[in-house]
Each structure stands twice: as structure tokens, then as C-alpha cells.
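# Summary of structural features
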Protein chains: 2
Amino acid sequence: MQTIKTVAVLMLILSGFNHAAADSLLTEKKRFELDQFTTFGGKTIRQVQVGWESYGELNADKSNVILITHFFSGNSHAAGKYHPDDTEAGYWDAIIGPGKAIDTEQYFVLSVDSLVNLGVHDPNVITTGPASINPDTGKPYALDFPVVTIRDFVNVQKALLESLGISKLHAVIGPSMGSLQAIEWASAYPDWVERMVSVIGSGYMDAWTVSALEHWATPIKLDANWNNGNYYDGEPPLKGMTASLALITQNAVHPDFINQVNPEHQPIETAALEDIGNSHQVVNWLNQLAAERAKIADANHILYLVRASQLYLAGQGSSLQQGLNSIQAKTLFLPADNDLILMPYLAKDTHQRLRSLGKNSQYHEISGPLGHLNGVRQIDQASTVLSDFLASE
Amino acid sequence: MQTIKTVAVLMLILSGFNHAAADSLLTEKKRFELDQFTTFGGKTIRQVQVGWESYGELNADKSNVILITHFFSGNSHAAGKYHPDDTEAGYWDAIIGPGKAIDTEQYFVLSVDSLVNLGVHDPNVITTGPASINPDTGKPYALDFPVVTIRDFVNVQKALLESLGISKLHAVIGPSMGSLQAIEWASAYPDWVERMVSVIGSGYMDAWTVSALEHWATPIKLDANWNNGNYYDGEPPLKGMTASLALITQNAVHPDFINQVNPEHQPIETAALEDIGNSHQVVNWLNQLAAERAKIADANHILYLVRASQLYLAGQGSSLQQGLNSIQAKTLFLPADNDLILMPYLAKDTHQRLRSLGKNSQYHEISGPLGHLNGVRQIDQASTVLSDFLASE
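Residues numbered from 1 in each chain as written. Chains lettered and ligands numbered in written order. Predicted model: local features only at pLDDT ≥ 70, side-chain atom pairs only at ≥ 80, totals over all residues. Heavy atoms only, no water.

Naming follows an unreviewed UniProt entry, where chain A appears as Probable acyltransferase of Lacimicrobium alkaliphilum. Taken verbatim from the UniProt record of chain A, the Subcellular location (unreviewed entry) comment is "Cytoplasm". (UniProt positions renumbered as here; feature names shortened; annotations may be inferred.)

And the structure:
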């Protein structure tokens, strides 16, 4: 049987947090507010708030900015610790910090909580989405919140950067859904972006990936407590969220990882044989993990994150060709070779299309037992590739 | 937009049925009954009925029998047509018939509907499971039906064969869940089985696959209509079944296939951008396909098929080593190189373990755009390998 401690450790792995290194820097969550925001779809959201963090110092001519964009279930805690006694540091602490691949002695590194962030009930997340109070009604938006896109995440980040007097990014770098944002930055605002790094990402969603993501939404909609998104006065759809997060975990890792943590179950499990109502140990383990994560999440936010991801096309315009062609940045693609959700053919195809458009693009695969999550947990293997890319002219 | 016709064609592909070749043989569904059956788990089921089909003729010494065991969502219609004007033939018609790899001029080929078969409401399926009437109560068993295992499917087949005076199999051959049955035959009844072919299969379920299969059950249990399995007097959980079958389809194919049928969606889909309640076209396509398949299925049967598959360990005993060691048959493994549900590492590991036990085992990968379903739809590429294997001493 898996112990609670194992579940806790696994939750940290799946959340992408690192055991804090001795040299982790200190950071704090800050708040950015916009009175009004117009979405890519043409809708207005009042009183937008997002959290953000930074590491390192902005230089005098504001030319040393690196923006980190986070993954689907992540937030802006990309590196460092809030307090010296935190046991865990931000998800990419292995590559962000003094003397690391993204060297905070050289760069001002910044990260922003996304709109419709998954971790609404995480005290270290500040976001605006369906769970937020609609200032026009005094009640949560629920499904009245407009559909938002990766471009909207980017536009909120841009507004924050502009509020700091920044108008140029030395680089924008992100894993998974963060990669979509990084590519979108390079396509929508080519004058801003000098270098773009897509980690476990893609320049577009193909049909297979769109339908693969939909299965993350389905269990939530099947939970009677979801009630068409109106559950803020009652019980949240915890069963549906747990099922959704269990499937997200399943898709985000590779068999090697689940099989390492759950050794071969031999002989066959008696409980599962005796009663259809019982489950296998690995199922109980995965569900326990997912139920813990569901506590800080919001079901509608998951639906909106799925939709933003599904709608992704570089440039969010009329074609992939057009979206990629507007990119001026040097680009680097770092897919995971055994990724089962954003499979490496997506990054490879995006890279090759850029090359055939005459762009400067590099491609390098990362590996490990974690599948997609190698891009979060095993990123240190790309340290040299990353630091060389950031140093290149 | 996908047309109804496209959906119909795709349903046939996913159901594994072939456009009938001119030389397809004719067959009919027959019924086999057992007054009483004791499960591997020690429970008793009265009045078990299953359907079966055969192709070719049993020879005088009953030495030419090949048993075909079917996949998760399949049934015993492995080859041929019921009527000359059927537009489709059984799922492996490409390799079963006169002069084909499994030559019905030489072999008596036989196939049996599984217990707890998915297609309860298919007029060509005869099965016993939770949807069947419990003779003790006069009502459907629902979850009172005992958990059944791959061994139980085998034991029903064995009872049918014995009723025909058969005590030896020239070969047992099956794809996917049918492969589990084929391996189980070779392990549990080594004196019966001379040759075993595992197509897109495995000698065991590892933890990753057990949890991957669980996600097929989850949507059903979330549907309020499921009502803990008691829906036979009311509305069946069609939404949950549709979600389950959509995920099964997603897992059973490869991105290449879904992307071929659903070309790149550029520009981004306006409906999905405008309203969180709308879906992408590929999602609607997949759901329409799944909803059609749900009409002939039973939700509880899906749960029992998932459990039978999850519980699989060759020999259903105390260890994989023990289960494989009892195999005397020559074995042939034919995994699909891009299978995303029973990944080829499972077949390769089973094959290698047999070799290291000194067994006679062969391994050959098949390919194509269909992922797991290459083992059903693209099986003709293995015709020579198969016929050579069947002819070998």
C-alpha cells in the first residue's frame, strides 16, 4: 500500500515543485490589477487581477528581462522560496537562480499567474476567472466568464510588463501550456521577443490533441454537482474534478514513472477480484493524489484552461503558416521524447515549419521516466543548451 | 463538418468490420448454454449463454481447430458474413477464409462471444452479464453479477469446445483483450494449446495500464443515471457511456488517424471561441461516434470488461513467472509499434521473459496509422508471418 507520505512526495513531483536547493533565492507574490481587459474574443472583463513573481534585478535600460510562462496546472512560482524554511522551491528552481542556466545575477526573471488559473484556492495564486466575483452582479461569474485564449494570457503579461516600463524580452520561456504562451508572444509581438524557448510544447493544437484534452473536461460536466457551472453556493463537483485530475496525471507522465512508483501487482489483487466496487491499488493511489490536488482547484477553471489550450494556433489567426511567419525571435524547441500528451511530433513539426520559413530555430529532445513532465522535473539536463541559447546573439 | 456517412464509415473502422470481400464465407451465430458456471473467483452463475461462430469444417480427428478470441468491444463475428448481401464482414475477414492466412479450407476456426460482452443490444451478440436476468430474482443482475476474469472467458470457451468433443487447439489467436485470453489458454491449459498468437497484447497488466483502463470506467460512474448500476428500470447512463466510449476510441487509435480524418482546424474555430458550451468539431465527431456505439452497449458490462482486463496476469496465479513458465505452446507476439494503450513494451517484455524461460517465442511488430487498432484493421500485413507460424511444427 502507498503511504500518505508517498502521496505527498508524488504530489510535489506532479505539481513540479523541487526540493529546495540550499542556494534557492527568496521571492514574494505580488499583485497586478487591470481595471478593464478586452479579450481576444472581444469581451470585456472588469477588475482583472493576477499574481506575479520576479527573481533577479531589472537593469538600467530594462534589457535583461526573461519572462517565464507556466504550465496548465502551474502558477507563477517558477523558482525560489517564499520563506527560507520552505521545504520546496518553485517548479524550475533547477534552472532559475544565481549562476544557473537562467542566471538571476544577469537576468530579471518574471512570471505571472494565468487567467482562469487552476489553483484558485492555493493561497499563493492570484487569478481572475469563473470563480471570481463578477463586479456587475456581486456573484461568481461561473460560465458567464468569457472564453479566454493563450493570447489573453499573453496580453495580461504584456500589460504588467508595460506597467514596469519594459518593452523588450531577452527571452520568453515556458513548458507545456507555457510554451503556447511563449510562441504566442513571439508571433503576436515579434518586436518584443528576441529569443523564445518552447519546452514540451507546440505551435498549434492538432485534432488528436484537441480531443485528448476534451477528456479532461468531460468528467467535470458529468458530475451532478457541477450543475452547469453553478456550484458556488453549494458543493463543488469534487468527484468530477478528481477524475479529471487523475486523467491529467495519467496523460502527463509515462508508464515508466507509474510503474516505478507502483511495482508489479503480483499476485492479482484479491479485493478487485472479489467486488466490482473495489479498485486496484494504483487506482486508489492515483485518485488520492488527484483528490488532494482538487482541493485547491476550481472545476470551471479547468474547463476554461482546456478550452484556451484547445484553441491554440500560433498567432491565433487564420493559419499556422501566417502565425509562424511573423516570428522574428530565435527559437529553441525542447520536447520530451516520450511525451504522451504534447507528443514530440508537434514540436518537431513547428520547428521544421519555422526552418522552412527561413527562421533561426533549434531542436533538442529531453528524456527521462516522466513523459511530458520531464519538461518540468528533468529540465536541468537542458541547462547548457539553454544557457548557450540565452547567451547567443 | 463531418457527415453522417463519414461517421458511419468510421464506426465500422472502429468496430473492426471490413468491407466484405467477394470471397467472404457465410456463417451464422449459434448459441451455447451452460446450466451452471463457477467463476475463477468462486462464485456461481446459473444459465450462462454465449454466442459463437465457426468457419471451415472440423476434421475427423478434431485436430484442425483454431480458436479466435475477440477484443474488448468486439464479439465472435471474426470473419465472413451472415447473409450474402451484408455490406460488412467480420473484423478479421482479411486473414480468415478460404486460402487466407488462417485458411478455412484447412482449419476449423471458431470464435465465442465473451461473458459481459460490450454489445448486449447488438442482435448478433449473445452474452451473460450484469444486464442478464438473474434466474434467482427474475431481474437483471446489475452489480450482483460476480467479477469475472479472462480465465472465465477461457473456461466458457473450453466448455463449448468440450461439448464438441474437441480437446486440442492447433492454435489460439486473438487481438487485444483477445490476446489476454490466448495467453491464458496457453498458460492454464498447456496440454490443449499447440500454438498461441498474441496480437496487440500482453502477458500481464502493469500499473500504468491498470490505471489507464480505469479512466474508461470513471465517466459511467459519474453519470447520475448509472445509479450504482441499477438503471435497468429507467434511463441508462448514456452520457457516461458516450464519454467512456469516446475515451476508448481516443486511446485505441493514434494521432495519425484522427488527424487524417479531421484535417487541421485553421483558422481557430469561432464557435469554440464564442461559448464555453460549444465544442470543437473533432470533439463533436468523436462524441457522435461514441453515442452511436453506446446504443448497443451496456454500461455495467463496460465496467466488468475493464475489471477483467485489469485483473489480467498470465495464469491468474501468484506470479507472472509462474504463469509464463507453464506455457508449452509455440508463441508469436504481434504488437503495433505505435500502440498507445497496450504499448509494445508489454508484448516485448512478455516475449523476452518466455525466451529467457527457454520457450519458443517469436516477435514481429506491425505498423500503420491506427495505433492499437492496427492489430485489427491492418492485420493483413502479418499474413505471411501468421501462415508460416501456423504451418510450423
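### Structural notes on the overall build of chain A
Across its full length, chain A holds 13 helices and 14 strands. In terms of overall dimensions, chain A is globule-like: its C-alpha atoms have a radius of gyration of 20 Å, near the 21 Å expected for 393 residues. Its C-alpha atoms put chain A at 70 × 50 × 45 Å along the principal axes. For chain A, the residues scored as buried account for 64% of the 393 residues in total. (Helix = DSSP H or I, 4+ residues; strand = E, 2+ residues; numbered from the N terminus. Rg over C-alpha atoms; globule rule 2.2 N^0.38 Å. Buried < 20%, exposed > 50% of the residue type's maximum accessible area, 1.4 Å probe, protein only.)

### Notes on the UniProt feature "domain: AB hydrolase-1" (unreviewed entry) in chain A
In the UniProt entry, the feature "domain: AB hydrolase-1" (unreviewed entry) is given for residues 144–247 of chain A. As annotated, residues 144–247 of chain A comprises 50% helix and 10% strand, and the C-alpha atoms at either end are separated by 26 Å.

### Observations concerning the relation of the copies chain B and chain A
Mapping chain B onto chain A calls for a rotation angle of 180 degrees and an axial translation of 0.0 Å; the resulting RMSD is 0.0 Å. In symmetry terms, the pair is related by a two-fold rotation axis. Comparing interface residues between copies, 100% of those in chain B also lie at the interface in chain A; the contact surface is shared. (Least-squares fit on C-alpha atoms with pLDDT ≥ 70 in both. Contact = heavy atoms within 4.5 Å.)

### Re the sheet that holds strand β12 (residues 195–199) of chain A
Residue and element names in this part refer to chain A. Spatial ordering of the open sheet is given by β2-β3-β8-β4-β11-β12-β13-β14, a layout of eight strands whose pairing is mixed. The sheet terminates laterally at β2 (30–38) and β14 (361–363), the two strands that pair on one side only. In this sheet, adjacent strand axes meet at a mean angle of 20 degrees when their direction is disregarded. Both β2 and strand β3 (residues 44–55) contribute to a ladder of eight bridges, which runs antiparallel. Directly across from Phe-37, in β3, lies its bridge partner Ile-45. Helix α2 (residues 150–163) rests against β2, β3, β4 (65–68) and β8 (108–112) of the sheet, and its axis sits at about 115 degrees to β2. Contacts from helix α13 (residues 383–391) reach β4, β11 (171–175), β12, β13 (330–334) and β14 within the one sheet, and its direction differs from that of β13 by about 175 degrees. (Pairing = 2+ DSSP bridges. Axes fitted to C-alpha atoms, helices over the stretch in contact; angles between N-to-C directions.)

### Let's talk about the interface of chain B and chain A
Contact residues are listed per partner, giving 63 residues for chain B and 63 residues for chain A. The interface formed by chain B and chain A contains 22 residue pairs in polar contact (both at pLDDT 80 or more). Those elements that place two or more of their residues in the side of chain B that touches chain A are α4 (207–222), α5 (238–252), α6 (255–261), α7 (270–274), α8 (281–294), α9 (299–310) and α11 (344–356) of chain B. Tallied by class, the residues present in the side of chain B that touches chain A amount to 32 nonpolar, 20 polar and 11 charged. (Polar contact = N/O pair within 3.5 Å; in protein donor to acceptor, adjacent residues only side chain to side chain. Nonpolar A, V, L, I, M, F, W, Y, C, P; charged D, E, K, R; others polar.)

### Some thoughts on the pattern of salt bridges
On inspection of all chains with the given rule, the structure shows 19 salt bridges over all chains. With its nearest N and O atoms 4.0 Å apart, the salt bridge here joins Lys-221 of chain A to Glu-214 of chain A. Given a relative accessible area of 9%, Glu-214 of chain A falls into the buried group. Between Glu-194 of chain B and Arg-195 of chain B there is a salt bridge, with its nearest N and O atoms 3.5 Å apart. Taken together, the salt bridges that share partners define one network made up of Lys-29, Glu-53 and Asp-113 of chain A. (Salt bridge = Lys/Arg side-chain N within 4 Å of Asp/Glu carboxyl O.)

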